[in-house]
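# Fold and contact review
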Amino acid sequence: MKPNPSLFLLLTSFVALFVACGRDEPPPFPTQTPEFVERTVEPTALPGATPTALPTQTFTPAPTSTPTATPTPFITPPAAGENVVIPILMYHHLKYREANASQVLRTWSVAPNEFAAQLDFFQARGFHTITFKQLVEFFEDGAPLPTKPLLLTIDDGWIDSYTVAFPELKKRGMVGNFFVPTQYLDVGGELLINWEQAIEMDRAGMEFGGHTISHEDLTKITLEQMRRQLSGAKEKMEAKFGHPTYALSYPFGAFNPRVVAATQTAGYRAALILCCGYKIHADDLLTLPRIRISYDDTLEDIAKKLP
Ligand SMILES: [Zn+2]
């Protein structure tokens, strides 16, 4: 295998990512993460090696659901000062984990069969997936949204964004919103999606958003570094995709007033944090809350997290 100069950067990013992604959880590991260890041994695991998926949950769609008969009704922006209910769900890995996988891995993963079942569940509940472009135009221009709008965000660009999320979403006519550091897209390979795959997804209707160049904690770098991370990623994505990038996911969900101001200056019109809830206010588009879906969430659990 050809040595890759980006590999060191990438691996250090992984470590940093999993250390800090757990920030809102019990704090994690000093040097090497379970994620890092697991991925170094992963290539020896064959597909038939019985991952310990939770049994796929089944449900019966409501008998009243009539898929195509009538056009989708729309909602319009609220009166000034009012919240709108728009859940933004947060995923990272879509992959099977061993039965004894750590709590950290279970927190940041969802099994592929569960992900597919969740998409069916959202559709049966009448949710309509939208893009951040639509969300911004709803608040800024008064453009209508379909009723029960839902955003499905998937961060970091793990390869299962392409091999699992993309086909499952496309099959159902749903859209996903993917937030990937541009340096990860530059590297691609077995672990991460690359630009070619991202462009294919973009052209098929998926939406990509900024996640900086190298997944930096924006609260811990200089203003100049922050500007480069924000603008550099946005410019590269726009050049590659050929259209504007609307939203940013703050790496590690880390933000402060200075980061929010720089995000706005860089031209992002929406930005995502890690926590919590689904009430969105027009004045807070740069600190949009998200709802995390994890490995052990059942459809009942998820129903309780949704409006
Ligand atoms: Zn991330």
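The structure we're discussing is the one just above.
Residues numbered from 1 in each chain as written. Predicted model: local features only at pLDDT ≥ 70, side-chain atom pairs only at ≥ 80, totals over all residues. Heavy atoms only, no water.

What follows covers the state of the cysteines. Taken as a whole and assessed by the stated rule, the structure comprises 1 disulfide. Between the sulfur of Cys275 and that of Cys276 lies a disulfide, 1.5 Å long from S to S. Given an S-S torsion of about -65 degrees, the disulfide between Cys275 and Cys276 has left-handed geometry. (Disulfide = S-S within 2.5 Å.)

Another point: the pairing of strand β3 (residues 88-91). Residues Ile88 and Met90 of β3 are buried on one face, and the alternating residues Leu89 and Tyr91, pointing to the opposite face, are buried as well. Here β3 pairs with strand β8 (residues 149-155) via 4 bridges, running parallel. The residue bridging Ile88 from the neighbouring strand is Leu151, located in β8. Here β3 runs beside strand β14 (residues 291-292); their pairing, made up of 2 bridges, is parallel. Residue Met90 lies in a different strand from β14, and its bridge partner there is Arg292. (Buried < 20%, exposed > 50% of the residue type's maximum accessible area, 1.4 Å probe, protein only. Helix = DSSP H or I, 4+ residues; strand = E, 2+ residues; numbered from the N terminus. Pairing = 2+ DSSP bridges.)

A word on the coordination of the zinc ion. The protein atoms that coordinate the zinc ion are Asp156 (OD), His211 (NE2) and His215 (NE2), at distances spanning 2.0 to 2.1 Å. Along the chain, the residues donating to the zinc ion are arranged with the sequence spacing D-x54-H-x3-H. One end of the pair, Asp156, is in the loop between β8 and α6 (160-171); the other, His211, is in the loop between β10 (207-210) and α9 (223-241), with 55 residues separating them in the sequence. Overall, the relative accessible area of 1% leaves His211 in the buried class. (Donors = N, O, S within 2.8 Å, 3.2 Å for Na, K, Ca; no water.)

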